[in-house]
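# Architecture and fold: a report
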Amino acid sequence: MSAASLLTAIASAPFGLTANRSMRERIYARWKLRHHADLDTDLVPEPREGSPVRVTGVVQSLDDLLIAPLSGKPCVAYRSRVWAALRHAASAETMQLRPFVLDCGNADSVIVDGDHAVFSLPYVALVDADRDREHSFLARHGLQRQRARFSEVALEIGMTVTIAGTLVLSPVDEPPVDELGFRDLPPPMLQLGGSRERPLVIIAP
C-alpha cells in the first residue's frame, strides 16, 4: 500500500480513536521528513540557502517561553486541539512557535524559527487540574463542553527531536578580529525556517 493510500485509510477511521490520529500524524510527518537531506552528512561543508534539510538535537531556549493553553507546560512550541461532538476534524486548533536553539552536540547549533509546523510528538497527558484551562480554551473558540475531547503536544526544553525545515543562512555581523584574516568573513549562522506552505517537521525519536 502506498503512503497516500495508507493516510487515506487511517483518516477514515471512526472518531474517538486517539491512537489512529497519532498514527496518522506520525506517518505524515515521517513522509515529509523523507524529502529533507541530513544537514550533518549531506550538505556540510557548503550548505545551500533554501535547501530542505533535517537535523537532530536537544531543544534549548532562545527567547521567553510559551505556556501551552491546555496543560500549562512551559515550551517553545505547542499545538492544542479540541474535538466537539462527532467530528473527524478538530473543531478548533491553536498553534504557536517561538524561536529556539537546537543543540546538535559536536556540530554547530541551529536556530529554529518558523510560524507553522507538523508535529509527531507524544500527546501531553491532561489531568483533572487542567479542567479550568480546557473551559477557557472552549470559551475562547465559542464552543460548548458537551462531549468535547482535547489533545495537545508541547515542545519542551531538553527534549531530543529531529527537525526538518528550509535552510536559512544568516550572516554574522561582527567577525572576531583575532581569529579571522583582514577580509575573511565568519561562517553564516545556520537557521531552519518554516511556513504554512513549507512547514517545519518536528519529530520525537
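Only a predicted model underlies this, so the values are computations on that prediction, with no experimental measurement involved. (Residues numbered from 1 in each chain as written. Predicted model: local features only at pLDDT ≥ 70, side-chain atom pairs only at ≥ 80, totals over all residues. Heavy atoms only, no water.)

What follows concerns the confidence of the model for the protein. When the pLDDT values of the protein are averaged, the result is 79; 72% of them are 70 or greater. This stretch, residues 1-17, has a pLDDT under 50; its non-local contacts, to residues over four places away or in other chains, come to 24 contacts. (pLDDT = per-residue confidence, 0-100. Contact = heavy atoms within 4.5 Å.)

Here we take up the pairing of strand β2 (residues 52-61). In this sheet, β2 lies alongside strand β1 (residues 37-38) in parallel orientation, the contact comprising two bridges. Its bridge partner being in β2, alanine 37 is matched across the sheet by valine 53. In this structure, β2 lies alongside strand β11 (residues 160-170), joined through seven bridges in antiparallel fashion. Looking at β11, one finds that threonine 56 is bridged to threonine 162. In terms of strand pairing, β2 meets strand β7 (residues 100-103) through four bridges, oriented antiparallel. Residue valine 59 lies in a different strand from β7, and its bridge partner there is leucine 102. (Pairing = 2+ DSSP bridges. Helix = DSSP H or I, 4+ residues; strand = E, 2+ residues; numbered from the N terminus.)

A few words now on the sheet that holds strand β5 (residues 77-83). Within the open sheet, the three strands sit side by side as β6-β5-β10. Their pairing is antiparallel. Whereas interior strands pair on both sides, the edge strands pair on one side only; in this sheet they are β6 (92-97) and β10 (149-155). Averaged over all pairs of adjacent strands, the angle between their axes in this sheet comes to 5°, without regard to strand direction. Where β5 and β10 come together, seven bridges link them in antiparallel fashion. Bridged to arginine 81 within β10 is serine 151. Running over the sheet, helix α4 (residues 131-140) touches β5, β6 and β10 and is turned about 75° from β5. (Axes fitted to C-alpha atoms, helices over the stretch in contact; angles between N-to-C directions.)

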